[in-house]
Each structure stands twice: as structure tokens, then as C-alpha cells.
Amino acid sequence: ATGQLGTLLRFGRGLKCDIAAAASLHVDAARRGDPISMGNLGDYLEKIEEAAWTGNVQAAGCMAMIYGHGLVGEKNLAKALEWINWEQHFRAECGEELADELRELKSQCCKAITCPD
């Protein structure tokens with residue numbers, strides 16, 4: 001159901017179109033193993049990235065999770081770390097749950113690759 005709600009938000013069906021919110025729901029479902037949500041993320045990854053580059057904190061967090069957990073293609077901890085740092089640069093109001101997940105992911109990335117202090 002989470003992935004389906006993400007799809008409704010992605011296309012604005014019955015709800016206002018919100019790429020970042022859709023991506024957040026698809027990331028959640030994909031992390032629980034939903035292959036349809038993984039496919040959906042791959043289909044609009046460029047739109048999520050575009051939202052993140054324009055300062056959307058939620059989208060940047062999703063990009064970090066996508067790369068950090070290998071939800072679309074191979075896991076890429078270096079890219080995940082870049083997105084975590086980008087998200088932290090623009091963070092204004094980020095949900096505590098996302099902030100906790102990103103801190104944990106950053107810790108995992110830094111253990112796997114060399115991080116600057």
C-alpha cells in the first residue's frame with residue numbers, strides 16, 4: 001500500500017503531485033523489498049535528483065537512501081555520502097526519522113570508505 005500511495009503522489013492522481021513525497025514512500029517500500037517500488041524509483045530517478053538539486057531536503061535524503069541501499073542498481077556509498085552532505089547543507093526542517101536514518105547511513109558509508117573529518 002505504501003508503494004501505491006507513492007505512485008498516486010508521483011502522478012498526482014487524487015492527490016497533489018509531489019515527487020519528493022512519492023520518492024519517500026517508494027524508498028520506504030523498496031527498502032522492505034517491494035520490486036515495483038524499486039522499478040518506480042528507477043523510472044523517475046532524474047526527477048527526484050532534479051528536486052534534490054534545487055534544495056528539496058526530502059528528495060536529497062531519498063537520493064542518499066537510493067544509493068546507500070542500492071535500491072536502483074548497485075549500492076554506491078560515495079554517491080550516498082555526497083547526497084547526505086548535500087541534504088545537510090540545505091536542511092531547514094527535516095523529519096527526525098529521516099535525519100536519524102541519514103546519520104546511520106552516513107556512519108555506514110564512512111566505515112566503508114574514507115571520509116574527511
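Residues numbered from 1 in each chain as written. Predicted model: local features only at pLDDT ≥ 70, side-chain atom pairs only at ≥ 80, totals over all residues. Heavy atoms only, no water.

**Q** Pulling in residues and values, what's your account of the overall build of the protein chain?
**A** Along the backbone of the protein chain there are seven helices and zero strands. Listing every helix and strand of the protein chain by position from the N terminus yields α-α-α-α-α-α-α. Seen through its principal axes, the protein chain has C-alpha atoms that stretch 45 × 30 × 25 Å. Of all 117 residues assigned to the protein chain, the portion counted as buried reaches 38%. Within the protein chain, counting contacts between residues at least 6 apart in sequence, those at least 24 apart form 51% of the total. Of the roughly 6,700 Å² of accessible surface on the protein chain, 50% is carried by carbon and sulfur atoms. Across the protein chain, the 12 positively charged side chains and the 17 negatively charged ones have centroids separated by 2 Å. (Helix = DSSP H or I, 4+ residues; strand = E, 2+ residues; numbered from the N terminus. Buried < 20%, exposed > 50% of the residue type's maximum accessible area, 1.4 Å probe, protein only. Contact = heavy atoms within 4.5 Å. Areas by Shrake-Rupley, 256 points an atom, 1.4 Å probe, with all protein chains shown as cover. Lys, Arg positive; Asp, Glu negative; His and termini not counted. Charge placed at Lys NZ, Arg CZ, Asp CG, Glu CD.)

**Q** An account of helix 7 (residues 96-112) is needed here, citing residue identities and associated values.
**A** End to end, helix 7 covers 24 Å across 17 residues, agreeing with the expected 24 Å (1.5 Å per residue, within 8%). Looking at helix 7, one finds that the buried residues are Leu98, Ala99, Leu102, Leu105 and Cys109. Projected onto a plane normal to the axis of helix 7, the buried residues spread over an arc of 130° and lie on a single side. Exposed positions of helix 7 whose direction lies more than 90 degrees from the buried face are Glu96, Glu97 and Lys111. (Expected span 1.5 Å × (residues − 1). Arc of directions from axis to C-beta.)

**Q** Could you give an account of the packing of helix 4 (residues 45-53) against helix 5 (residues 57-69), naming the residues involved and the relevant values?
**A** For the pair helix 4 and helix 5, interaxial distance at closest approach is 7 Å and the crossing angle is 130°. Relative to helix 5, helix 4 is oriented oblique. Classified by chirality, the crossing of helix 5 by helix 4 is left-handed. Counted together, Leu45, Ile48, Glu49, Ala51 and Ala52 of helix 4 and Ala59, Ala60, Cys62, Met63, Ile66 and Tyr67 of helix 5 form the full contact between these two elements. Across the contact of helix 4 with helix 5, the residue classes break down as 10 nonpolar, no polar and one charged. (Axes fitted to C-alpha atoms, helices over the stretch in contact; angles between N-to-C directions. Parallel < 35°, antiparallel > 145°, perpendicular 65-115°, else oblique. Left-handed = near helix turned anticlockwise from the far one by under 90°. Nonpolar A, V, L, I, M, F, W, Y, C, P; charged D, E, K, R; others polar.)

**Q** Which residues make up the side chain of His26, and what are the values?
**A** Mapped onto the secondary structure, His26 falls in helix 2 (residues 19-31). A distance of 3.1 Å separates the side chain of His26 from the backbone oxygen of Gly3, its partner in a polar contact. Only 2.7 Å separates the side chain of His26 from the side chain of Tyr44, close enough to count as a polar contact. Those residues in contact with His26, other than ones at most four positions away along the chain, are Gly3, Gly6, Thr7, Ser37, Asn40, Leu41 and Tyr44. (Polar contact = N/O pair within 3.5 Å; in protein donor to acceptor, adjacent residues only side chain to side chain.)

**Q** Can you tell me about the packing of aromatic side chains, naming the residues and giving the values?
**A** With the rule as written, the count across this model stands at one aromatic pair. Taking the ring centre of Phe11 as reference, the NZ or CZ of Arg13 above it sits at 4.9 Å. (Phe/Tyr/Trp six-rings, centres within 6.5 Å; stacked < 30°, edge-to-face > 60°. Lys NZ or Arg CZ within 6 Å of the ring centre and 35° of its normal.)

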